[in-house]
Amino acid sequence: MQAADRAFARPAHRGWAALIAVVILAVLGTFAVLGVRPPAARPATAPAGEFSSARAFTHVEALAANGPHVAGSAANDTAREHIVSTLRGLGLDAQVQDTVSVQGHQLSASAGGIGLARVRNVVAVLPGTASTGRIFLVAHYDSAQTGPGGNDDAAGTSAILETVRALTSGPRPRNDVVLVLTDAEEACLCGAKAFVDQHPLARDGGVVLNLEARGSSGPAIMFETAADNAGLVGVYAGVPHPVGTSFAVEIYRLLPNNTDFTAFREVGFTGLNSAYIDGAAVYHTPLDTPSAMDQRSLQHHGESLLALTRELGGRDLPALRSDGDATYFPLLGTLVRYPGALNWPLAALALAVVLALAWLARRRGLITAPRQAVAFGLALVPLLAAPVLAQLFWALIKTIRPGYAELPIDPYRPWWYRMAALAVVALVTFTWYALLRRRLGPAALAIAGLAWLAVLGLVLAALAPGGSYLTALPALAGAATALAALLTPRRFAVGWVTLGAAVAVLVLAPTVVLFFPAMGMNLAAAATFLAVLLALAILPVVDLLHPEADGQRGLDTLRARRRGALPALAAGVAVLAFTATGLAVDRFDREHPEPTHLMYALDADTGQARWLSESPAPADWTTQYVSGKPAPVTDLLPAFGDEALLSGPAEAAALPAPLLTTTSDTIADGLRTVRVHLTPQRPSRLITMHVGSTATVTAATIGGREVATDQVAGGAWGFGFVFHAPPAEGIDVTLTVRTDEKLKLRVMDASDGLSGLPGFRPRPADVGIVGSHSSEMLAVAKTYEI
């Protein structure tokens, strides 16, 4: 028997068998992907007790009507008034929590100091009839300074307003429902922190359902949970159209990202965090308008929230506590789940069944030990090469279209590029398989692929247990069905291997589709690695695309090899076709402008000004302002820490610096206590202060809040803070320092918008603004000595 004949399935009518198997997998894959699409939007005429995206959308339009509404702005006041009036119109006693909050998590705009903010959260309670605990519905109503927040997070806020309307239209739930619409999430997550630290309703904890958006479309994915989530996941599995995977939870736990949910989780709340994330090119940009929203995503957000709130509203909440996490994944519109305790047994069983398959295949003469060892080693080639090539592919695309470098996640229309990345996986896998099939045999290659899936299942069970199912279940199904193909009559073999491949498609295809927008084309290797796992799991079906060896040599063998190369050739053509289409379709224009980053900084000490940009590859428009190599600007703007920025000279504008007034200065026990009042002299989004590095700050109180003093800016500056949404009357600061020298204090305030500055030329229609927390910032800094 030739190596190429050593396959699990050798049908008499190979062409028909291949066609049927591929069609079955394609149909199943289509339904699997459709299972994670958002539901249809509901009209305003939907029954009062149901969620209607059309009704919720009226709130989206109201919240985003005045453009960007950053914390502390007049536009944000208007947004808050709309929320309060809506809730009071529903009969709820909506209150505003007005306070100062400290947040330890660092964002790019406060890299050089601790973050604080004056926040004004909207809080209301829908009392339960016999409450066993509290359910908290959370979203933030402020926006980034660069966009109106039509999706982020008017979607979450509007979904909550429509949900509470539906709840008040019928019988009240058993449990209390607390609405927390937070402020200053974009600035420093300070609104959520203020609520959990200071509000009496937070004392006893509860279940948090947080809503976010990091794009404009796609399903509302339940991507984060608190620890010991099995009970809540069981409830979530019962909502309409559940979309979530425990692998996403594991990945998110490893990332440095934070949302309002973080503040609740860190103090012991349990709960679920959901967001829709596709269409991320509009994220935090002026394009994040209501018109950019796919209302199906809003419907999914609200439909899930309403169903969860009603179900949790009738439960005995303490009984939902569990001792472990669930493993779960989407399947044809449902959520498959099982206890996380089964991850290790399933992964071990998968490896055992793969080993049993290898033993039987060797007994049947389909493999030899040396060939199997070589196949196992060479299976690393597609596992490593395909993700690397996909990442290099995107690097090449960014070279062709440099503006993509400014998009942190995805281009405006990423689907053609995603298809090209998947075609790269197919090209690598098909080429690898065609080159080795005749030398090592189909069975050896298939077993090698399943073996790697089983091994990865064990690795994931140890490092990211919620992701173990991704490889353990396909390996188990593939090995078990291959065993069945060997142990049952030959006529059933194609059916068995197709069944094994079908399990892999159903398990892996939705995750591949979800991970492309989650990680973006800038991390194309992540989703393509999952696609390689799928490709390895379906190798027995891939083999049907290759001609069976007939024992002859010469011309027939050459023809067979040419036919075997056709899948790889088709994949290569697909890479080129999808890439060309992507470049042709996704061009920068008025509706999809090339993003650019620019800010302005004035040093009031010297009277000199600089244009600054964080662009990794500045566009032509940006290069008229900045040049050279990026360098830290710590001395000028300590709040930016060691962030390196491009710079260029700018004409100084007549702008006042923040005013620093000393109110007291005393020395006791070798420590100097200085009290100052810091007042912005113009409308400002934030104000900062940094202490010269020669002084050691041992204690600090800012705006009435004690803060830690271990965060320093670097360079000539030490401890500092960034205070968001400062009141016009300013803030009080008390510093206890150890120094024998004059105390140097560097203060800065920042507003938004560069129009009207000398030397600034408006952007052309096809040039836009990057969604960065420092985009369009206008900063004025001054040093004081005390």
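Check the entry above for the structure.
If you're wondering where the values come from, they're calculated on a predicted model, not measured in any experiment.

> Can you lay out helix 1 (residues 14–34) for me, pointing to particular residues and giving the numbers?
Between its first and last C-alpha atoms helix 1 spans 30 Å; for 21 residues at 1.5 Å apiece the expected length is 30 Å, and the two agree. All of the buried residues in helix 1 are R14, A17, A18, A21, L25, G29 and A32. When helix 1 is viewed along its axis, its buried side chains cluster within an angular range of 95° and face the same direction. The outward face of helix 1, more than 90 degrees from its buried face, is lined by the exposed residues G15, W16, F31 and L34. The secondary structure elements touched by the buried residues of helix 1 are helix 14 (415–440), helix 17 (493–519) and helix 19 (539–542).

> Could you give an account of the side chain of H597, naming the residues involved and the relevant values?
Locating H597 in the fold gives a position in the loop between strand 10 (594–596) and strand 11 (599–603). Within the structure, H597 has its side chain in polar contact with the backbone nitrogen of E614 (distance 3.1 Å). A distance of 2.9 Å separates a polar atom in the side chain of H597 from a polar atom in the side chain of S774. Beyond its immediate stretch of four places on either side in the chain, H597 contacts L612, S613, E614, S615, T622, V770, S772, S774 and S775.

> Provide a residue-level description of the side chain of D152, including the pertinent values.
Here D152 shows up in the loop between strand 3 (134–140) and helix 4 (154–168). Buried charge without a salt bridge: D152, with R214 as the nearest opposite-charge side chain at an N-O distance of 8.9 Å. Here H284 takes part through its side chain, which lies 3.0 Å from a polar atom of the side chain of D152.

> Mind laying out the pattern of salt bridges, listing which residues take part and the relevant values?
Side-chain pairs of opposite charge can arise where the charged atoms are in close proximity. On inspection of all chains with the given rule, the structure shows 22 salt bridges. Close ionic contact of E311 with R315 constitutes a salt bridge, the shortest N to O distance being 2.8 Å. For R315, a relative accessible area of 31% gives the class partly exposed.

> Outline the packing of aromatic side chains, supporting the account with residue identities and numerical values.
Evaluation of the coordinates by the stated rule reveals 22 aromatic pairs. Ring plane angle 10° and centroid distance 4.6 Å describe the contact between F329 and Y469, whose orientation is recorded as stacked. Here F329, found in strand 8 (residues 326–331), pairs with Y469, found in helix 16 (residues 469–487); they are 140 residues apart in sequence, far enough to count as distant. Both residues of the pair, F329 and Y469, count as buried. Feature note: the residues W394, Y404, Y412, Y417 and F588 constitute an aromatic cluster, connected by ring pairs. The ring of W415 is capped by R418, whose NZ or CZ atom sits 4.8 Å from the centre of that ring. Over the ring of Y784 we find K782; its NZ or CZ atom is 5.4 Å from the centre of that ring.

> Break down unusual backbone geometry for me, citing the residues and quoting the values.
Cis geometry is found at the peptide bond from D152 to D153, where omega equals 5°. The phi angle at H284 is positive, at roughly 65°, despite the residue not being glycine. By the secondary structure assignment, H284 is in the loop between strand 7 (270–276) and helix 10 (295–313). Not every positive phi belongs to a glycine, and E776 is a case in point at roughly 65°. Its location among the elements puts E776 in the loop between strand 24 (767–769) and strand 25 (777–785). Assessed through its relative accessible area of 10%, E776 is described here as buried.

> Give me the lowdown on the pairing of strand 21 (residues 717–724), citing residues and values where you can.
As a general feature of sheets, a regular strand has side chains that alternate between the two faces. The buried fraction of strand 21 is high, at 8 of 8 residues. Sheet topology note: the strand 2 (residues 114–126)/strand 21 ladder contains 4 bridges and is parallel. What sits directly across from I114, in strand 21, is F721. One ladder, built from 6 bridges, connects strand 17 (residues 686–692) with strand 21; its direction is antiparallel. If you follow H690 over to strand 21, its bridge partner there is G720. Taken together, the 2 bridges between strand 20 (residues 712–714) and strand 21 define a ladder with antiparallel strand orientation. Within the sheet, the bridge partner assigned to G714 lies in strand 21 and is W717.

> Could you give an account of the state of the cysteines, naming the residues involved and the relevant values?
The full count for this structure, using the stated rule, is 1 disulfide. Residue C188 pairs covalently with C190 via a disulfide, S to S 2.0 Å. Of note, the bridge from C188 to C190 carries an S-S torsion of about -125° and is left-handed in sense. Residue C190 is classed as buried on the basis of its relative accessible area, which comes to 0%.

Rules of the game
Residues numbered from 1 in each chain as written. Predicted model: local features only at pLDDT ≥ 70, side-chain atom pairs only at ≥ 80, totals over all residues. Heavy atoms only, no water. Helix = DSSP H or I, 4+ residues; strand = E, 2+ residues; numbered from the N terminus. Expected span 1.5 Å × (residues − 1). Buried < 20%, exposed > 50% of the residue type's maximum accessible area, 1.4 Å probe, protein only. Arc of directions from axis to C-beta. Contact = heavy atoms within 4.5 Å. Polar contact = N/O pair within 3.5 Å; in protein donor to acceptor, adjacent residues only side chain to side chain. Lys, Arg positive; Asp, Glu negative; His and termini not counted. Salt bridge = Lys/Arg side-chain N within 4 Å of Asp/Glu carboxyl O. Phe/Tyr/Trp six-rings, centres within 6.5 Å; stacked < 30°, edge-to-face > 60°. Lys NZ or Arg CZ within 6 Å of the ring centre and 35° of its normal. Pairing = 2+ DSSP bridges. Disulfide = S-S within 2.5 Å.

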